[in-house]
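The residues making up each chain are set out below.
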Amino acid sequence: MTQPSLGFVIVFLIFSLLFFYNTYKLWFKTDEYYQSIYNSLTAQPSLYPFKDFFLKRLENKQSWILWQKVFSLVGILAVLTADVLLIMTFITK
């Protein structure tokens, strides 16, 4: 097995931190997070090709929050597992 480069490990961990930051906003600043997503989807001109699809999901706020939190738990597990495996691979030679 080849060892990943330090640059790859750093970039991977930066994306992990971005995920954890967004997860923190979802869990602890839920209303602000919801509103920022809603505002970005309703801004004109729209940059999102599937804007209507996502806006439809946001209509029922409580349901959206519940499912976002459920998927974020799965995501936390996946990201932590990937981080641990990557660091273990990098450390062991």
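Here is what the cut-offs are and how they apply
- Residues numbered from 1 in each chain as written.
- Predicted model: local features only at pLDDT ≥ 70, side-chain atom pairs only at ≥ 80, totals over all residues.
- Heavy atoms only, no water.
- Core = buried A, V, L, I, M, F, W, Y, C linked by side-chain atoms within 4.5 Å.
- Buried < 20%, exposed > 50% of the residue type's maximum accessible area, 1.4 Å probe, protein only.
- Helix = DSSP H or I, 4+ residues; strand = E, 2+ residues; numbered from the N terminus.
- Contact = heavy atoms within 4.5 Å.

S.K.: Sorry, what's going on with the nonpolar core here?
M.R.: Within soluble globular proteins, side chains that are nonpolar generally end up buried alongside one another. With 8 residues, the main nonpolar core is built from Leu 26, Tyr 33, Tyr 34, Leu 41, Leu 55, Leu 58, Trp 64 and Ile 65. Looking at this core, the elements that each hand over two or more residues are helix H2 (30-42), helix H3 (51-58) and helix H4 (61-91). The element best represented in this core is H2, accounting for 3 residues. With residues up to four places along the chain from it excluded, the contact list for Tyr 33 reads Asn 22, Lys 25, Leu 26 and Trp 64.

S.K.: Looking at this structure, how should I read the side chain of Ser 16?
M.R.: Counting through the fold element by element, Ser 16 comes out in helix H1 (residues 6-28). Judged by relative accessible area, Ser 16 falls into the buried class, the value being 6%.

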